[in-house]
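Inside the fold
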Amino acid sequence: MAGARFEFQDKAVRKRLKKFINRAGDMTPALKSFGEHMVNVTETRFKGEKAPSGAPWQPLKPATRRSKKKNKDKILTEYGRLRRSIIYRAKDQKVAFGTNKKYGAIHQFGGKAGRNRAADIPARPYLGINSDDQAEWYQILRDYLEEA
């Protein structure tokens, strides 16, 4: 290196910096924390019948209400299978959360379903990240990296 050179000699700071770099290389614990947060938040959305944006889900049509065997006023929770299917997977540098239920997409995005696609299902988004979730991710990330 031509010109002036500075070499950092503080062992404690160098040790902490090395620990920080190593910790940043394995984000799995932070990603798991965020995945758990999103599962919990999604559960709350089901209970409140609200989208990630906070907008309420469209109410059930009277015919749908009549056809339900129990919880006639509850949306997407007659048996709770969809709500209980929300999981996350944290691996490498990614986290994903959602459901493996095939009918999950029709409820998230809306569309035609049923026999001859005669039923018009309104979108009732339950998956997604809003600004509060993003702030929680930043806090989880800060907490994780500060432990280095």
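Preceding this section is the structure that the text describes.
So, here is what we can say about the structure in this document. These figures come from a predicted structure and were not determined experimentally.

Within the fold, Arg-81 resides in helix α4 (residues 81-84). As a C-alpha pair, Arg-81 and Lys-101 span 20 residues in sequence and 8.5 Å in three-dimensional space. With near-sequence residues (within four places) excluded, Arg-81 lies in contact with Lys-101 and Tyr-103.

On to the packing of helix α2 (residues 28-48) against helix α6 (residues 131-146), then. The contact between α2 and α6 brings their axes to 10 Å, and the two run at 150 degrees. In terms of their interaxial angle, α2 and α6 are classed as roughly antiparallel. Regarding α2 and α6, the two cross each other, and that crossing is right-handed. Between α2 and α6, the residues in contact are Pro-29, Ala-30, Leu-31, Ser-33, Phe-34, His-37, Met-38, Val-41 and Arg-45 and Asp-133, Glu-136, Trp-137, Ile-140 and Tyr-144, respectively. Tallied by class, the residues present in the contact of α2 with α6 amount to nine nonpolar, two polar and three charged.

Moving on to α6. With 16 residues, α6 should reach 22 Å at 1.5 Å per residue; the first-to-last C-alpha distance of 22 Å fits that figure. Taken together, the buried positions of α6 are occupied by Asp-133, Trp-137, Ile-140, Tyr-144 and Leu-145. Angular distribution of buried residues about the axis of α6 spans 120 degrees; they occupy a single face of the element. With respect to the buried face of α6, the exposed residues turned more than 90 degrees away are Ser-131, Asp-132 and Glu-146.

Ranked by size, the top nonpolar core spans 10 residues in total: Met-27, Ala-30, Leu-31, Phe-34, Met-38, Ala-90, Trp-137, Ile-140, Tyr-144 and Leu-145. Elements represented by at least two residues in this core include exactly α2 and α6. Filtering out sequence-adjacent residues up to four positions away, Met-38 remains in contact with Arg-45, Phe-97, Gly-128, Ile-129 and Asp-133. Trp-57, Leu-76, Leu-82 and Tyr-126 belong to the second-largest nonpolar core, a separate cluster that totals nine residues.

Reading the values: rules and limits
Numbers given to residues run from 1 along each chain, matching the order in which its sequence is written. The predicted origin of the model limits local features to residues at a pLDDT of at least 70 and limits the giving and counting of side-chain atom pairs to 80 or more, whereas totals for whole chains, interfaces and linings rest on all residues. Hydrogens and water molecules were not included; the side-chain quantities draw on all heavy atoms of the structure. Helix and strand assignments come from DSSP, with helices taken as H or I runs of at least 4 residues and strands as E runs of at least 2, each series counted from the N terminus. Contacts are residue-level and defined by heavy atoms, with any inter-residue pair within 4.5 Å sufficient. Axis lines are fitted through C-alpha atoms, for helices just across the contact stretch, and the angle between N-to-C directions can take any value from 0 to 180 degrees. Should an angle fall under 35 degrees it is taken as roughly parallel, and over 145 as roughly antiparallel, whereas 65 to 115 is taken as roughly perpendicular and any remaining angle as oblique. Crossings are sorted by hand: turned counterclockwise from the far helix by less than a right angle, the near helix makes the crossing left-handed, and turned clockwise it makes it right-handed. Lys, Arg, Asp and Glu make up the charged group, whereas Ala, Val, Leu, Ile, Met, Phe, Trp, Tyr, Cys and Pro make up the nonpolar group; the residues left over, Gly among them, are polar. To estimate the expected span of a helix, subtract one from its residue number and multiply by 1.5 Å. Burial classes: relative accessible area under 20% of the type maximum marks a residue as buried, over 50% as exposed, and values in between as partly exposed (1.4 Å probe, protein chains only). Here the arc refers to the set of directions running from the helix axis out to each C-beta atom. In this text, buried Ala, Val, Leu, Ile, Met, Phe, Trp, Tyr and Cys residues form a nonpolar core when linked through side-chain atoms within 4.5 Å.

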